[in-house]
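# Tertiary structure, described
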Amino acid sequence: MEDLSLDNCKEEDMALGAKWWPSPQARVHFRVIRFIMEAGVKLGMQSIPLATACAIYHTFFCEINVDAYDPYLVAMSALYLAGKVEEQPLQYRDIIVSNRYFHPGSEPLEMDSRFWVIRDSIVQCELLVLRVLRFQVSTQHPHRYLLHYLISLKNWLNPYSWQQTPISVTAWDLLWDSYHRGLCVQIQAQHIAVAVLHLALHVYGVPAKAKAEKPWWQVFSGDLTKPIIDNIVSDLIRIYTMDTEIPEGPGPSL
């Protein structure tokens, strides 16, 4: 099966003097992924289907310019498609109705011609997404790697340090936030799992040492180096920079 080209996935950011600044495209994607996550929670989606929706969205816009299609329409199609891929199916109606949450002052959406236009748009966009992705919609997420790494790390650390610091919770939060920037389609899943764990340990000043001669992260992934980890950590930090500088958008206008 032909692999998707991810050469265009790296978002072009701008540097203003010594300060990093997200590109307009990165700001759009950040807002839309925020919408996907909030809508997914409203729809009761589990973590893996919701992560798959984010990955489908990011992969689509690796192939297509963000100005070519409505990103919020692609996001709703990604939610529906991810539900089917991960066997947590959603109804088109529920996706459409859940989006009214982002417009609390709007009138209820009636089951009229406008509703069916929106539904048909999501269906057609879903078919477009499948064609652009060449029907490759399965994603290897870092979640299972992080779970195994946390179990191993718990055995290496001082029991007191593990109990007194929320390393596990912080690592999971960092992993979840990484989907805002599309790292899931740019970087190996194992590398992301190690990087979020490395950052969580660094935040709380907890040293980690494997029962081996090599650094602990190379026990988990032999091809991983410190510069690779540092680059991923830098991308994670930029996510939180965007979170403080990009205001919440109104969501899709249906």
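That block above? That's the structure.
Quick summary incoming for the structure in this document. Computed from a predicted structure; not experimentally measured.

## Remarks on the nonpolar core
If you look at the biggest cluster of nonpolar residues, it comprises 45 residues, and the most contacted ones within it are Ile36, Ile56, Tyr57, Phe60, Leu79 and Val129. Among the elements that take part in this core, helix 2 (residues 47-63) stands out by supplying 10 residues, more than any other. Contact partners of Tyr57, with chain neighbours within four places excluded, come to His29, Val32, Ile33, Ile36, Pro71, Val74, Ala75 and Ala78. Ile192, Ala195, Ala200 and Trp217 belong to the second-largest nonpolar core, a separate cluster that totals 37 residues.

## Observations regarding the packing of helix 6 (residues 143-156) against helix 9 (residues 189-204)
Two numbers describe how helix 6 lies on helix 9: the axes approach to 9 Å, and their chain directions differ by 45 degrees. Considering their axes alone, helix 6 and helix 9 lie oblique with respect to each other. Helix-helix and strand crossings are classified by hand; for helix 6 and helix 9 the assignment is right-handed. Touching Tyr145, Leu146, Tyr149, Leu150 and Leu153 of helix 6 are Ala189, Gln190, Ala193, Val194, Val196, Leu197 and Leu201, all from helix 9. Broken down by class, the residue content of the contact of helix 6 with helix 9 amounts to 11 nonpolar, one polar and no charged.

Rules used throughout
Starting afresh in each chain, residues are numbered from 1 along the sequence in its written order. Residues qualify for local features only when their pLDDT is at least 70, as the model is predicted, and side-chain atom pairs are given and counted only at 80 or more; totals for whole chains, interfaces and linings, by contrast, use all residues. Each side-chain value is derived from all of the structure's non-hydrogen atoms; neither hydrogens nor water enter the calculation. Here, the term nonpolar core denotes a set of buried Ala, Val, Leu, Ile, Met, Phe, Trp, Tyr and Cys residues that are joined through side-chain atoms within 4.5 Å. Exposure classes here rest on a 1.4 Å probe applied to the protein chains alone. A residue is buried below 20% of its type maximum, exposed above 50%, and partly exposed in between. In this description a helix means any DSSP run of H or I spanning at least four residues, a strand means any run of E spanning at least two, and both kinds are numbered starting from the N terminus. Should any heavy atoms of two residues lie within 4.5 Å, those residues are counted as being in contact. Helix axes use the C-alpha atoms of the stretch in contact, all axes being lines fitted to C-alpha atoms, and the angles between their N-to-C directions lie in the range 0 to 180 degrees. Here the word oblique covers every angle except those under 35 degrees (roughly parallel), over 145 (roughly antiparallel) and from 65 to 115 (roughly perpendicular). Two helices that cross are described as forming a left-handed crossing if the nearer one is turned anticlockwise from the farther one by less than a right angle, and a right-handed crossing if clockwise. Polar here means any residue other than Ala, Val, Leu, Ile, Met, Phe, Trp, Tyr, Cys and Pro, which are nonpolar, and Asp, Glu, Lys and Arg, which are charged; Gly is therefore polar.

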